[in-house]
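Residue-level structural notes
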Amino acid sequence: MPPLAFSSQLINLFAALLLLLGFAMLTQRRILSLINLFALQGFVLVLSTAVVAYSTNQGHLYYSALLTLLLKVLFLPWILHRLIRALNVRWDVEPLINIPATMLIGIVLVIFAFNLATPISQIAGTITKSTLGIATATILLAFLMMITRRKAVSQVIGFLAMENGLFFAATSTTYGMPMVVELGIALDVLVATLIFGVFFFHIRETFESLDIHHLEKLKER
Amino acid sequence: MNVASGIVFQVLQSVLVVLIAPLMLGWVNQCRAWLQNRSGAGIWQPYRVLRKLFHKDAVLAHNASPLFRCTPYILFGCMWLAVGIVPVLATDLPFAPAADVIALVGLFALARVFISLAGMDVGTSFGTLGARREMMIGFLAEPALLMALFTASLISHSTSLPTIVDALGHRQFVIYPSMAFAAIAFLMVLLAENARIPIDNPSTHLELTMIHEAMILEYSARHLALIEWAASLKLTAYITIGIAMFLPWGIARAGDWFGLLIALAALVAKLALAGAGLALLETLSAKMRIFRAPEFLGTAFLLATLGMLTHFLLEV
Amino acid sequence: MELLLVLGVPFAGGIVLAFWGHRAFAPELNSGMSLLTLLAAAALTARVIADGPLLVWNENFFVDPFNVFLVALTAFVAFTTSLFSRPYMRIEAQTGKLSPNRLRLYHSMFQMFSFTMLLALLTNNVGILWVAMEAATLTTVLLVSLYRTPASLEAAWKYFILCGVGIAQALFGTILLYFAAEKVLGPGGTALLWTHLNDVKGELEPTVLGLAFVFLLVGYGTKVGLAPLHNWLPDAHAEGPTPISAVLSGLLLNVALYAVVRAKVLVEGALGTHFAGNLMMGFGLLSVVVAAFLLSRQKDIKRLFAYSSVEHMGLMTFAFGMGGALATFAGLLHMTVHSLTKSAIFFAVGHAAQKSGTQIMEDIKGLIESNPTIGWGLMIGSLAILGMPPFGVFASEFMLLTAAMHQQPWATPFLLVALGVAFSAIFGKVQPMVFGAASAARLPHPPALMPVFVHLAIVLLLGLYIPPYLAEWYRQAATLIG
């Protein structure tokens, strides 16, 4: 099979890096590293979008990449860093299932995501169609991270990582959503993070800790 | 190609690599010393150690079996064979058909079995401790290693190392994301199998934290010299396999004498870089507790599997 | 013009109340804003009835009979809720449960919430619909945890995370929808406009739309409160201040269901099979059964009625899933009457809880004796929501069951059993609360119970006689949905 164009190879490489970062976030215990990995994931996303913009001459993708850079690489990690400094959280407690088991489940999810995405990517018309599987896998891995974590901050980072995956899915199948929608989504993500921040303080005030364990008391009585 | 020059190439390669191996170890230790702001013992230190050891009298336990006495030679033989057939300078050498990645893994496994048995042979507790740990690390690392090698095989449609080198190095440059995953997995396995930090500290004197060193506590003189030499050969073998798979550019085609010179220069440069990189990695990491080793190797396995999956998704 | 007012007034109100929400006149200002919104919505409705569907502002906003009646309903219930919240929040402030800052947050978010719901209803752009739904969640999250008790924080956290994850699925569904649309309509903003999608729905790729619908149903369905994704609902509706429970139960669930139905119209056109309808029916039926059986275990009154919301939303989803003129008419009618009745019940419950100082049902007794209006309001509201004739809920449930017996006879026993179980559970719990010896104190402010009776009166009216223009309106909407 003839080798793909260089830009396609680059995009595939970035997609693989994205998946690697998704796994790395799954196994991290230090919350500081989690935030840095999240920022790095955002950066890889920016590079990938820029390459797609360059090779397909879609001007609006440059704006998209810029927006992602500002929001996900600079602003959100900055907010998160300030938060953990103010809240004094450094380490996560032991996750619900141990790390090797989490990674095995992660692999199963990746296989599932690849299977799910194959019929769609076959009919896509973009140069990045093969990366839809990786985008779906990133979303599912972020979801797994949210479920298996105990500290509230890690769950939020998982939520934001899921947004990253969704953004990548949008760029890989459709060269990005229309700008107005992307701006709306970015606004939502930003406001959500700010509200999360406010929320953490409330939780900490009431429970003296950010362990989710305290938030599991409401059950069917 | 010409059979005679092929044989000459082959012999040259085998002898060269055997002689270079302790230098490789010396270089890594020297880099570590520099990074730790010490002056170090010099890159020729392993040779001095080997010479010292060969001049001594061997002391054996009275209940040591023939296995105990043969193991150093078997070990050395396995490692020499492994290093000899990896295409470091040129592809398409006479022994090339033997350079199958699965056969290589088998060679390493053979060596591991013998050294573990030898460690348990004399009946000391540290020997058994080391042997058990070595087998655990080995059984976890082998699947990861195989997966990483399979990823390279899938791309080049063969498990023969020279063919892999040919496919990756001599054709048009293509970025393979799956190779990126496989490379990281391979690096992790390299650290584990060669008893480097973060799995095992090669310069430790605390027996309870040892893995590899604990098995060879009973050896002395020429036996110990051969085992140490074999360890440095193993490290060199792994590094050259890594270079062959992930950085194959510069390896000469067969019969090309000019290419051989370039290959030699390229090899020296790559080995130097690899050694420095290894030393850097060791300096930046801390030794893990033993029960975290399965996690480490599990990560390697899963990365390698990811590499394979990515290959099927992105590159087929 | 009316559209600008309908959207602009709540938005402006949100900003204004962010500054002045803690003043003495804030509740009146809140009600005033809602009244303006209602008047604008009424004007818009009149326009649509007279002129037919409207496409405004470069086709970005679309008003047709289906969403205009939801807009009117939303504006109306928001207005009556703001009337209810006047004395309710005053009492809360006096009893010391809320500080001035929190009052500001409450009032401004109330208006913003109205804005996001109306935006979701009126937009033609499927992407903006998503943005508005997420924004609706965001505006109410901090309101659910307004009291800062451990239980309310937990409720708000669950709400945020579960709805957030759900909405992320919906975003994926939207992306897939855009992907399918782009192939037919070309890239750019027009591919996300619902009217355009509706025109070309036959040409959209079936597999992609099917997958998209699954994600959209799971995503928006989480916000509708369909089982098994309903976990956040009882907590969020129970722990927040009562006006918020009323609008969440009465309005947000409707808007989420609206999003699902719009998606269903597209998907049925693309697939040609009943895949979408079957999925909706399955989820709807599951919700009805699960909620009905969980009702009897509830001890908190607001949780009880929250589960009742789950049950009714399940009924509506089932109705829309079945399709056909009668079922869709029933679904639309049910949307209206459920909204009105549930909010009326929450109004009564809110004051009852305030009087007794607790939300646990065992501790609330003898409401009719201590405060007849609250007591009777609760009693009649409960009867109404349980489907007692001659209230409107009976009419819509009857129509639904008739349609079910014709089209999906296997489901009818489940529905009947669930409705019966729900009846016994709710009635059994409300009865001791309302009758018997009183145990509650007087309230510092006279409660606003007019909204309760206005709502119930409308529901009664709709049960007895549906005005012809309303019936015509429902019929038009039903044909649009198919």
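Since we're looking at a predicted model, the values are computed, not measured. (Residues numbered from 1 in each chain as written. Chains lettered and ligands numbered in written order. Predicted model: local features only at pLDDT ≥ 70, side-chain atom pairs only at ≥ 80, totals over all residues.)

Of the regular secondary structure elements, chain A holds 7 helices and 0 strands. Taken across its 221 residues, chain A has 53% of its residues classed as buried. Within chain A, contacts between residues at least 6 apart in sequence are counted, and of these 75% link residues at least 24 apart. (Helix = DSSP H or I, 4+ residues; strand = E, 2+ residues; numbered from the N terminus. Buried ≥ 20, exposed ≤ 12 C-beta atoms within 10 Å, placed from the backbone. Contact = placed C-beta atoms within 7 Å.)

Looking only at helices and strands, one finds 11 helices and 0 strands in chain B. Secondary structure of chain B in N-to-C order comes out as α-α-α-α-α-α-α-α-α-α-α. Here the C-alpha atoms of chain B give a radius of gyration of 19 Å, agreeing with the 20 Å that 2.2 N^0.38 yields for 316 residues. Taken along its principal axes, the extent of the C-alpha atoms in chain B is 55 × 45 × 40 Å. A burial count over chain B gives 49% of its 316 residues as buried. Summarising the internal contacts of chain B: among those between residues at least 6 apart in sequence, 81% fall at separations of at least 24. (Rg over C-alpha atoms; globule rule 2.2 N^0.38 Å.)

Before going further, it helps to examine helix α10 (residues 257-284) of chain B. All names here are of chain B. Along its 28 residues, α10 runs 40 Å from first to last C-alpha, staying within 8% of the 40 Å computed at 1.5 Å per residue. Regarding α10, the residues found buried are Ala263, Ala266, Leu267, Lys270, Leu271, Ala274, Gly275, Leu278, Ala279 and Glu282. Buried positions along α10 lie against α1 (3-35) and α9 (221-246). (Expected span 1.5 Å × (residues − 1).)

Before going further, it helps to spend a moment on the confidence of the model for chain A. Counting all residues, the mean pLDDT for chain A is 81, and 88% of those residues have values of 70 or more. Within chain A, helix α2 (residues 31-56) of chain A carries the highest mean pLDDT (89), whereas helix α7 (residues 179-207) of chain A carries the lowest (79). (pLDDT = per-residue confidence, 0-100.)

This brings us to the environment of Leu309 of chain B. Following the sequence through the fold, Leu309 of chain B ends up in helix α11 (residues 293-315). Separated by 117 residues in sequence, Leu309 of chain B and Ala192 of chain B have C-alpha atoms that sit 24 Å apart. Setting aside residues up to four positions removed in sequence, Leu309 of chain B forms contacts with Val110, Ile111 and Phe114 of chain A.

What follows concerns the nonpolar core. Counting residues in each nonpolar core, the largest one holds 371 residues, and the members touching the most others are Ala82, Ala144, Ala185 and Val189 of chain B together with Val71 of chain C. In terms of residues, this core owes the most to one element, helix α6 (residues 150-185) of chain C, which gives 22 residues. Here Val189 of chain B is in contact with Ala141, Ala144, Leu145, Ala148 and Ala300 of chain B, once residues within four sequence places are set aside. (Core = buried A, V, L, I, M, F, W, Y, C linked by C-beta atoms within 7 Å.)

Each partner contributes to the interface: chain A provides 36 residues, whereas chain C provides 38 residues. Counting residues per element, the ones that place at least two in the side of chain A that touches chain C are α4 (99-123), α5 (132-148), α6 (152-174) and α7 of chain A. The element that contributes the greatest number of residues to the side of chain A that touches chain C is α7 of chain A, accounting for 13 residues.

Contact geometry for α6 of chain A and α6 of chain C: axes closest at 10 Å, N-to-C directions at 5°. In this view, α6 of chain A runs roughly parallel relative to α6 of chain C, as classed from their interaxial angle. Judged by residue contacts, Gln155, Phe159, Met162, Glu163, Leu166, Ala169, Ala170, Thr173 and Thr174 of chain A of α6 of chain A engage Ile161, Gly164, Ala168, Leu171, Phe172, Ile175, Tyr178, Phe179 and Glu182 of chain C from α6 of chain C. Considering only residue class, the contact of α6 of chain A with α6 of chain C consists of 12 nonpolar, 4 polar and 2 charged. (Axes fitted to C-alpha atoms, helices over the stretch in contact; angles between N-to-C directions. Parallel < 35°, antiparallel > 145°, perpendicular 65-115°, else oblique. Nonpolar A, V, L, I, M, F, W, Y, C, P; charged D, E, K, R; others polar.)

Residues and elements named next belong to chain B. Between the first and last C-alpha of helix α5 (residues 125-156) there are 46 Å, a value that for 32 residues agrees with the 46 Å anticipated at 1.5 Å per step. Roughly 30° is the biggest bend found in α5, and it falls at Ala141, with proline Pro143 one to four residues downstream. A positive backbone phi angle near 60° is found at His157, which sits one or two residues after α5. (Bend = angle between axes of the 7 residues up to and from the residue.)

Now for unusual backbone geometry. Note: most peptide bonds trans; most residues except glycine with negative phi. In this structure, Pro198 of chain B follows Ile197 of chain B across a cis peptide bond, with omega equal to 10°. Structurally, Pro198 of chain B can be placed in the loop between α7 (177-193) and α8 (212-215). Looking along the chain, the bond that leaves Pro389 of chain C and enters Pro390 of chain C is cis, with omega of 0°. Counting through the fold element by element, Pro390 of chain C comes out in the loop between α15 (372-385) and α16 (392-407). Even without being glycine, Arg148 of chain C reaches a positive phi, approximately 55°. You can see Arg148 of chain C is positioned in the loop between α5 (126-144) and α6.

The parts lose accessible area when they come together, and the size of an interface is often stated as this lost area. Chain A puts 20 residues into the contact, and the matching count from chain B is 17 residues. A per-element tally of the side of chain A that touches chain B places helix α1 (residues 6-27) of chain A first, with 10 residues. Of the residues contributing to the side of chain A that touches chain B, the split by class is 15 nonpolar, 5 polar and no charged.

Our focus in this paragraph is the arrangement of the chains. For the 2 pairs of chains in contact, the maximum contact count is reached by chains A and C. Structurally, chain B and chain C remain out of contact, their C-alpha atoms never closer than 19 Å.

Once that is clear, we can look at the environment of Gln111 of chain C. Residues and elements named next belong to chain C. Along the chain, Gln111 falls in helix α4 (residues 100-122). When the 27 C-beta atoms within 10 Å are taken as the criterion, Gln111 is described as buried. Separated by 27 residues in sequence, Gln111 and Leu138 have C-alpha atoms that sit 13 Å apart. The contacts of Gln111, once residues within four sequence positions are left out, are Pro10, Gly13, Gly14, Leu17, Asn30 and Met33.

Residue and element names in this part refer to chain C. Take Leu118: it is sitting in helix α4. Leu118 sits 50 residues away from Val68 along the chain, and the two C-alpha atoms are 9.9 Å apart. In contact with Leu118, not counting residues within four places along its chain, are Val6, Leu7, Pro10, Val71 and Thr74.

Now for the packing of helix α1 (residues 2-20) of chain C against helix α2 (residues 26-51) of chain C. Residues and elements named next belong to chain C. Contact geometry of α1 with α2 gives a least axis separation of 8 Å together with a crossing angle of 170°. Here α1 lies roughly antiparallel to α2, going by the angle between them. Where α1 abuts α2, its residues Glu2, Leu3, Leu5, Val6, Val9, Pro10, Gly13, Leu17 and Trp20 lie against Ala26, Leu29, Asn30, Met33, Leu36, Thr37, Ala40, Ala41, Ala43, Leu44 and Arg47. Each residue belonging to the contact of α1 with α2 can be placed in one class, and the counts come to 15 nonpolar, 3 polar and 2 charged.

Residue and element names in this part refer to chain B. With 95% of its residues at a pLDDT of at least 70, chain B reaches an overall mean of 85. Here helix α6 (residues 161-170) is the element of chain B with the lowest mean pLDDT, 78, and helix α2 (residues 45-55) is the one with the highest, 92. Taken together, the chains of this predicted complex give a pTM of 0.81 and an interface ipTM of 0.85.

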